[in-house]
Amino acid sequence: MATEGGGKEMNEIKTQFTTREGLYKLLPHSEYSRPNRVPFNSQGSNPVRVSFVNLNDQSGNGDRLCFNVGRELYFYIYKGVRKAADLSKPIDKRIYKGTQPTCHDFNHLTATAESVSLLVGFSAGQVQLIDPIKKETSKLFNEENSCQHLWKVDWNEERQNEGSKTSEEALVTVQRLIDKSRVTCVKWVPGSESLFLVAHSSGNMYLYNVEHTCGTTAPHYQLLKQGESFAVHTCKSKSTRNPLLKWTVGEGALNEFAFSPDGKFLACVSQDGFLRVFSFDSVELHGTMKSYFGGLLCVCWSPDGKYIVTGGEDDLVTVWSFVDCRVIARGHGHKSWVSVVAFDPYTTSVEESDPMEFSGSDEDFQDLLHFGRDRANSTQSRLSKRNSTDSRPVSVTYRFGSVGQDTQLCLWDLTEDILFPHQPLSRARTHTNVMNATSPPAGSNGNSVTTPGNSVPPPLPRSNSLPHSAVSNAGSKSSVMDGAIASGVSKFATLSLHDRKERHHEKDHKRNHSMGHISSKSSDKLNLVTKTKTDPAKTLGTPLCPRMEDVPLLEPLICKKIAHERLTVLIFLEDCIVTACQEGFICTWGRPGKVGSLSSPGQASSPGGTVV
């Protein structure tokens with residue numbers, strides 16, 4: 001049952017909420033779903049995902065929406081807060097047999113009113129390149145070349161004859177040559193029209209080029225770079241073929257990755273509970289962070305690339321500083337796993353800033369904060385001085401949001417009293433609540449971080465990035481950037497083979513794990529010990545994973561139940577917020593002052609009171 005505003009019952013669905021900016025309101029006529037509007041039975045299905053693209057056409061209505069529900073994939077004109085959704089006229093609709101879409105991503109660089117490139121990942125491991133405007137399927141990756149037609153079923157056909165059914169059953173038994181596990185995340189490489197990156201539940205990532213084939217045999221790999229809990233291989237082949245690179249990251253599934261706003265860094269979160277941040281071009285590990293417990297499920301970057309937020313099975317959102325490589329805050333508001341985190345670039349603000357903080361012009365900075373749906377336009381580097389910590393903005397507020405399996409939407413403000421705890425405050429704070437020493441979190445021993453107002457705050461851990469010796473050696477072998485890499489990825493031309501001599505001499509003797517052995521050895525030997533497998537139980541209380549009382553604990557600005565089923569989507573657009581739940585309803589929340597009167601073309605409201 002839906003309520004207007006804040007109902008008294010905890011299980012009531014909220015249709016509006018208020019922040020300091022004003023009233024956010026659910027727009028029922030702007031809800032997208034399957035044409036029959038029947039809630040989807042989500043049992044055993046992959047999460048509903050939503051992708052946006054703007055075609056920059058002259059009509060002023062260039063926004064397009066793609067979402068998956070079960071075996072189905074839909075492509076609509078997105079009318080947002082302007083007009084009511086017309087579910088009877090999808091531009092394209094596809095139904096798949098034997099597999100399900102799991103994720104998708106538009107290429108913003110090549111999108112036009114006549115054509116758009118959409119990558120779709122599947123539960124059986126394949127990746128499909130389609131054009132939903134032309135209704136074409138151009139290529140299929142991680143599958144034999146003879147099966148380019150995949151499993152599409154025409155959506156106008158009510159039933160299939162026995163012959164086609166047999167054919168489709170045969171298709172799903174074809175061997176995946178590169179990776180047989182579910183695709184968890186797929187994204188175009190920022191600034192590229194042809195390169196894309198795919199993550200799998202196997203813990204592997206693969207770099208593809210749409211211009212190259214995958215070959216008819218399983219690929220053979222050669223080690224390119226190796227470091228703490230990761231390895232990168234090139235594909236050995238006489239002719240250029242996919243994949244160009246294979247990344248093995250951590251243990252367990254690689255749940256999500258995200259490129260930094262300038263496209264230079266890659267943040268990955270895995271089921272082993274680790275955030276790992278890489279320099280994408282040089283394949284170097286920049287820093288790591290460990291969840292409080294359980295796997296990390298989602299990750300996002302701040303609009304200026306200085307902070308990363310993660311969420312996962314510890315029910316927390318964790319804020320990590322890219323510059324300092326350390327946890328600077330945690331947020332507790334969800335009652336179950338956090339499935340999506342996202343920054344709001346339209347509410348994030350910096351009132352004044354030191355010129356040394358940002359290398360671009362004022363126009364560039366405003367551009368970056370308002371990159372929104374056209375994230376690919378902000379891939380050019382505007383952040384060349386990331387390591388400058390001597391100066392800081394006078395007043396800064398980052399807004400980010402999170403949704404979870406508890407069906408709740410939380411909004412958070414990250415303010416300068418959290419970002420710069422050792423500096424005197426220059427002006428009144430915003431409404432971010434911080435659990436400080438006067439109000440320690442439950443279960444703490446009271447030794448909380450000293451608040452910024454105190455005169456002598458204790459030092460916080462400044463860095464948990466790995467030492468260079470643990471990531472790569474100073475010496476490098478001759479270049480191996482030939483074959484697939486040389487012809488397919490010019491940006492990787494500077495990579496060299498990692499010197500692995502030390503690893504060949506490492507021995508995992510029991511004596512290496514005794515305290516006596518560690519205390520008697522030099523710092524060089526300590527570096528060797530850090531290369532061994534990380535024990536999650538031993539990371540708590542270290543810079544990798546500070547204790548709850550060692551970092552500020554944020555409280556959400558708002559925390560509202562907005563769905564009956566777990567939430568799987570949170571996207572901030574200029575005039576609205578878009579959310580989606582596992583029942584297959586994609587909802588639009590109008591921002592304050594952005595909601596006009598919408599006319600409904602004979603559409604009924606959500607059945608059964610399902611308002612999300």
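Residues numbered from 1 in each chain as written. Predicted model: local features only at pLDDT ≥ 70, side-chain atom pairs only at ≥ 80, totals over all residues. Heavy atoms only, no water.

Looking now at the UniProt feature "repeat: WD" (unreviewed entry) in the chain. With numbering aligned to this structure, UniProt lists the feature "repeat: WD" (unreviewed entry) at residues 289–321. With 0% helix and 61% strand, the stretch residues 289–321 has end C-alpha atoms that lie 10 Å from each other. (UniProt positions renumbered as here; feature names shortened; annotations may be inferred. Helix = DSSP H or I, 4+ residues; strand = E, 2+ residues; numbered from the N terminus.)

So, on to the sheet that holds strand β10 (residues 118–122). On the basis of which strands lie adjacent, the open sheet formed by 4 strands has the order β9-β10-β11-β12 and antiparallel pairing. Only two strands of the sheet have a single neighbouring strand rather than two, namely β9 (101–106) and β12 (136–141). The mean angle between the axes of side-by-side strands here comes to 25 degrees, regardless of whether they run parallel or antiparallel. Examined bridge by bridge, β10 and strand β11 (residues 127–131) share 4 bridges and lie antiparallel to one another. Note on β11: the bridge partner recorded for Leu-118 is Ile-130. (Pairing = 2+ DSSP bridges. Axes fitted to C-alpha atoms, helices over the stretch in contact; angles between N-to-C directions.)

What follows deals with the pattern of salt bridges. When their charged atoms lie close together, side chains carrying opposite charge are able to pair. Applying the stated rule across the entire model yields 10 salt bridges. The partner of Arg-399 in a salt bridge is Glu-21, with the nearest N and O atoms 2.7 Å apart. Of this pair, Arg-399 sits in strand β30 (residues 395–404) while Glu-21 sits in the loop between β3 (16–19) and β4 (22–26), and the two are 378 residues apart along the sequence. We classify Glu-21 as partly exposed; its relative accessible area is 29%. Between Arg-94 and Asp-92 there is a salt bridge, with the nearest N and O atoms lying 2.9 Å from each other. A residue is classified by how much of its surface remains accessible, and Arg-94, at 1% relative accessible area, is buried. Among the ionic contacts, a cluster of salt bridges with common partners joins Arg-20, Glu-21, Arg-399 and Asp-413. (Salt bridge = Lys/Arg side-chain N within 4 Å of Asp/Glu carboxyl O. Buried < 20%, exposed > 50% of the residue type's maximum accessible area, 1.4 Å probe, protein only.)

Let's shift gears to the pairing of strand β37 (residues 586–590). Burial of β37 is extensive: 5 of the 5 residues sit out of reach of the surface. Residue alternation in β37 divides its side chains into two sets, Ile-586, Thr-588 and Gly-590 and Cys-587 and Trp-589, and both sets are buried. Examined bridge by bridge, β4 and β37 share 2 bridges and lie antiparallel to one another. Across the sheet, the residue bridging to Lys-25 is Gly-590, located in β37. Note: strand β36 (residues 576–581) against β37, 5 bridges, orientation antiparallel. Looking across to β37, one finds that Ala-580 is bridged to Ile-586.

What follows is about the side chain of Thr-568. On the secondary structure map, Thr-568 appears in strand β35 (residues 567–572). In this view, Thr-568 contacts Pro-47, Val-48, Arg-49, Ser-339, Val-340, Ala-580, Cys-581 and Gln-582; residues no more than four positions away in its chain are not counted. (Contact = heavy atoms within 4.5 Å.)

Time to look at the packing of aromatic side chains. Scanning the entire structure with this criterion turns up 25 aromatic pairs. On the numbers, 4.9 Å between centres and 70 degrees between planes, the contact of Tyr-96 with Phe-122 is edge-to-face. Residue Tyr-96 is found in strand β8 (residues 92–96), and its partner Phe-122 is found in strand β10; the two are separated by 26 residues along the sequence. Residue class for Tyr-96 comes out buried when judged on its relative accessible area of 0%. When the centroid spacing of 6.1 Å and the interplanar angle of 85 degrees are considered together, the rings of Phe-257 and Phe-259 count as edge-to-face. Across the pair, Phe-259 and Phe-257 agree in class, each one buried. (Phe/Tyr/Trp six-rings, centres within 6.5 Å; stacked < 30°, edge-to-face > 60°.)

Attention now moves to the environment of Lys-83. Along the chain, the position of Lys-83 falls in the loop between β7 (72–77) and β8. Considered as a pair, Lys-83 and Ser-30 are 53 residues apart in the sequence and their alpha carbons are 7.1 Å apart.

Turning next to the sheet that holds strand β18 (residues 230–236). On the basis of which strands lie adjacent, the open sheet formed by 6 strands has the order β14-β15-β16-β19-β18-β17 and antiparallel pairing. Each edge of the open sheet is held by one strand with a lone partner, namely β14 (183–188) and β17 (220–227). Averaged over all adjacent pairs, the angle separating strand axes in this sheet is 20 degrees, with direction ignored. Bridge analysis of strand β16 (residues 204–209) against strand β19 (residues 245–249) gives 4 bridges, and the strand direction is antiparallel. Bridging from a neighbouring strand, Met-205 pairs with Trp-247 of β19.

Buried residues dominate β10, accounting for 5 of its 5 residues. Burial along β10 is two-sided: the face carrying Leu-118, Val-120 and Phe-122 and the face carrying Leu-119 and Gly-121 are both buried. Judged from the 5 bridges that link them, β9 and β10 form a sheet pairing that is antiparallel. By the bridge assignment, Asp-105 is partnered in β10 with Leu-119. Taken together, β10 and the strand that follows it, β11, pair antiparallel across an intervening segment of 4 residues, in which Gly-125 is found at a positive phi of about 105 degrees.

Turning to unusual backbone geometry, a few remarks are in order. Each neighbour pair has its own omega, and for Asn-242 with Pro-243 the value is -5 degrees, a cis peptide bond. In this structure, Ser-229 takes a positive phi of about 60 degrees despite not being glycine. In this structure, Ser-229 sits in the loop between β17 and β18. Residue Ser-229 is classed as partly exposed on the basis of its relative accessible area, which comes to 35%. Even without being a glycine, Val-283 presents a positive backbone phi close to 55 degrees.

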